[in-house]
There are 2 protein chains.
Amino acid sequence: MGAKRVAVKENVLSANDRIAAANRERFQDAGILAVNLISSPGSGKTMLLERTVERMKAWLNVGIVAGDVQTRNDADRLVQYGVPVEAIETGGSCHLNAEQLGGVLGGLPLQALDLVFVENVGNLVCPSSFDLGESMKIVLMSVTEGEDKPLKYPAAFRRSSALVLTKADLLPHVRFSVDTAVANALSINPALRTFVTSAYTEQGLQEWMEWLTSQVPKH
Amino acid sequence: MGAKRVAVKENVLSANDRIAAANRERFQDAGILAVNLISSPGSGKTMLLERTVERMKAWLNVGIVAGDVQTRNDADRLVQYGVPVEAIETGGSCHLNAEQLGGVLGGLPLQALDLVFVENVGNLVCPSSFDLGESMKIVLMSVTEGEDKPLKYPAAFRRSSALVLTKADLLPHVRFSVDTAVANALSINPALRTFVTSAYTEQGLQEWMEWLTSQVPKH
């Protein structure tokens, strides 16, 4: 990678960081917990959000920003739960950036919200490098993906506050040790809070939602 | 994205394409089928390669290049099958590039090989934009990832010659329609050859290996 390319990359990142700081201020001013959800494609981000929002809207005002390379499928699934949803199609880009998020925040009733989920593009590498102005990143990983993902894609695990293992209902059918996966994740980031969940059986969802609620600033 | 950033991106891509052309010439001179395997993290690229190489080495001379963001785990798993394996650690980058591949090709006995598998970084977005000099791209997708992945990540499906559905042994335990997934993939790329496989039960592996063998130029 030449010096010129490095310099351009740094400019792009610092431009992103300035907008991320502005987004962060908007979230803080409104007393919002903003959660940036990161995982591989198909790890179950949208399904976890469906079950989580369906329950949590009983005691919190929740909003969602759903990012995808192409299609508004996730946003269309989420809007049926009666919460405000904004969609971002990145049109090829492998991650959300702060400008894209800032561009849709005006579509959410921020002053009325407690918690905003930002569902990033399905990608375990690129999204971890871009601050969106979120309060925290959370990494998801399904039990079908193998225990070594934290070692192979460490940045997403290093920069997250929590790890949500998804699809735990499939554990009887796959060769996957929860203990090994969690130990691998903690070897990268000992401060990770971990949850073992299934959106189908609802295993672990109560604990996950209680923890999220405890992180909301104005409650 | 400013004009300067676009220009730099185009320069990076055209530099990549020049090296890719050189890699392609090396493969063609040696009569090698070079296959660039693309999928999400944890879709089962390495496991499919393990079963495939274990069988195919009986009738073809196979080599492997295993790419990862970090660790040489995949290369270590593959080397036990007694075929030449080279590892590339991208050190943070979300895809292999042609220069990285060219840099390790000298470690493979190209004149003695018929087929080289290049296992790309686990990522359904970025690897599809970078020509490595391969004969063909092949996209993998596990039955746990949901049927909509071809619609949400169309580039990888548009640029591939075949789709390998993996983990078919889990079909009884997940809500996933093979017909819908294949129809979605064919809506993006009607020329895709599709295989439904399980590396555990070996379902579909014979058909997959016969097709690969038929694609090797010097046989």
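Higher on the page you've got the structure.
In short, a report on the structure. (Residues numbered from 1 in each chain as written. Chains lettered and ligands numbered in written order. Predicted model: local features only at pLDDT ≥ 70, side-chain atom pairs only at ≥ 80, totals over all residues. Heavy atoms only, no water.)

Time to look at the nonpolar core. The tendency in soluble globular proteins is for nonpolar side chains to be buried as a group. By size, the foremost hydrophobic cluster in this structure holds 47 residues, and its most contacted members are A:Phe157, A:Leu163, A:Phe176, B:Phe157 and B:Leu163. Sorting the residues of this core by element identifies strand S5 (136–142), helix H6 (154–158), strand S6 (160–166) and helix H7 (178–188) of chain A together with strand S5 (136–142), helix H6 (154–158), strand S6 (160–166) and helix H7 (178–188) of chain B as the ones contributing at least two each. Not counting chain neighbours up to four residues away, the residues in contact with A:Phe157 comprise A:Leu124, A:Val139, A:Met141, A:Lys149, A:Pro150, A:Leu163, A:Ala185, A:Ile188, A:Asn189 and A:Leu192. (Core = buried A, V, L, I, M, F, W, Y, C linked by side-chain atoms within 4.5 Å. Buried < 20%, exposed > 50% of the residue type's maximum accessible area, 1.4 Å probe, protein only. Helix = DSSP H or I, 4+ residues; strand = E, 2+ residues; numbered from the N terminus. Contact = heavy atoms within 4.5 Å.)

Residue and element names in this part refer to chain B. At a closest axis distance of 11 Å, the pairing of helix H2 (residues 45–56) and helix H8 (residues 205–215) adopts a crossing angle of 65 degrees. Taken as axis vectors, H2 and H8 run roughly perpendicular relative to one another. Considering the relative orientation of H2 and H8, their crossing is right-handed. Residues Leu48, Arg51, Thr52, Arg55 and Met56 of H2 form the contact with H8, whose participating residues are Leu205, Trp208, Met209, Leu212 and Thr213. (Axes fitted to C-alpha atoms, helices over the stretch in contact; angles between N-to-C directions. Parallel < 35°, antiparallel > 145°, perpendicular 65-115°, else oblique. Left-handed = near helix turned anticlockwise from the far one by under 90°.)

Quick look at the pairing of strand S1 (residues 33–38) of chain B now. All names here are of chain B. Counting buried positions along S1 yields six of six residues, so the element is predominantly enclosed. Side-chain alternation along S1 places Leu33, Val35 and Leu37 on one buried face and Ala34, Asn36 and Ile38 on a second face that is also buried. Sheet topology places S1 next to strand S4 (residues 115–119); five bridges connect them, and they run parallel. Paired with Ala34 across the strands is Val116, a residue of S4. Pairing of S1 with S5, which is carried by four bridges, proceeds in the parallel orientation. Pairing of Leu37 across the sheet is with Ile138, part of S5. (Pairing = 2+ DSSP bridges.)

As a further point, take the pattern of salt bridges. Scanning all chains against the criterion turns up 22 salt bridges over all chains. B:Asp74 is the salt-bridge partner of A:Lys152, the closest N and O atoms lying 2.8 Å from each other. Separated into two different chains, A:Lys152 in helix H5 (residues 149–152) and B:Asp74 in helix H3 (residues 73–79) make up a pair that spans both. The exposure class assigned to B:Asp74 is buried, which follows from its relative accessible area of 2%. For B:Glu50, the salt bridge goes to B:Arg77, with nearest N and O atoms at 2.7 Å. (Salt bridge = Lys/Arg side-chain N within 4 Å of Asp/Glu carboxyl O.)

Once that is clear, we can look at the relation of the copies chain A and chain B. Superposing chain A onto chain B requires a rotation of 180 degrees together with a translation of 0.0 Å along the rotation axis, leaving an RMSD of 0.0 Å. Here the transformation between the copies is reduced to the relation of a two-fold axis. Comparing interface residues between copies, 100% of those in chain A also sit at the interface in chain B, which points to an isologous, same-surface contact. (Least-squares fit on C-alpha atoms with pLDDT ≥ 70 in both.)

Position of A:Gly146 among the secondary structure elements: in the loop between S5 and H5. Look past the residues within four positions of A:Gly146 in its chain and what remains in contact with it is A:Met141 and A:Phe176.

Residues and elements named next belong to chain B. Looking at where Glu50 falls in the secondary structure, it is placed in helix H2. A relative accessible area of 7% places Glu50 in the buried class. In this structure the side chain of Glu50 is engaged in a polar contact, spanning 2.7 Å, whose partner is the side chain of Arg77. Residue contacts for Glu50: discarding those within four places in its chain leaves Arg77, Leu78, Gln80 and Tyr81. (Polar contact = N/O pair within 3.5 Å; in protein donor to acceptor, adjacent residues only side chain to side chain.)

So, on to the interface of chain A and chain B. Taken together, the contacts link 36 residues of chain A with 36 residues of chain B. Contact between chain A and chain B buries roughly 3000 Å² in total, counting both sides, with carbon and sulfur atoms accounting for 59%. Interface area lost by chain A to chain B is led by A:Pro41, A:Lys152 and A:Tyr200, which between them contribute 18%. Counting the contacts that link chain A with chain B gives eleven residue pairs in polar contact (both at pLDDT 80 or more). Elements that contribute at least two residues to the side of chain A that touches chain B include exactly helix H1 (3–29), helix H3 (73–79) and H5 of chain A. Of the residues forming the side of chain A that touches chain B, the biggest block, four residues, is contributed by H1(A). Of the residues in the side of chain A that touches chain B, the class split is 15 nonpolar, eleven polar and ten charged. (Buried area = accessible area lost by both parts, 1.4 Å probe. Nonpolar A, V, L, I, M, F, W, Y, C, P; charged D, E, K, R; others polar.)

We now examine unusual backbone geometry. Positive phi values are uncommon outside glycine, yet A:Glu202 reaches one of about 70 degrees. Mapped onto the elements of the fold, A:Glu202 is located in the loop between strand S7 (193–196) and helix H8 (205–215).

This part takes up the sheet that holds strand S2 (residues 62–68) of chain B. Residues and elements named next belong to chain B. Sheet architecture is open: seven strands sit in the order S3-S2-S4-S1-S5-S6-S7, paired in parallel fashion. The strands lining the two open edges of the sheet, one partner per strand, are strand S3 (85–89) and strand S7 (193–196). If you compare each strand with its neighbour and ignore which way they point, the axes differ by 20 degrees on average. Note: S2 against S3, five bridges, orientation parallel.

So, on to the sheet that holds strand S4 (residues 115–119) of chain A. Residue and element names in this part refer to chain A. Pairing is parallel in the open sheet, where seven strands are placed in the order S3-S2-S4-S1-S5-S6-S7. Both outer strands of the open sheet, strand S3 (85–89) and S7, are each paired with one neighbouring strand and no more. For this sheet the average axis-to-axis angle between neighbouring strands, irrespective of direction, equals 20 degrees. Relative to S7, S6 is paired through four bridges, and the arrangement is parallel. Its bridge partner lying in S7, Leu163 is registered against Thr194. Packing against the sheet, H7 makes contact with S5, S6 and S7, and its axis sits at approximately 165 degrees to S6.

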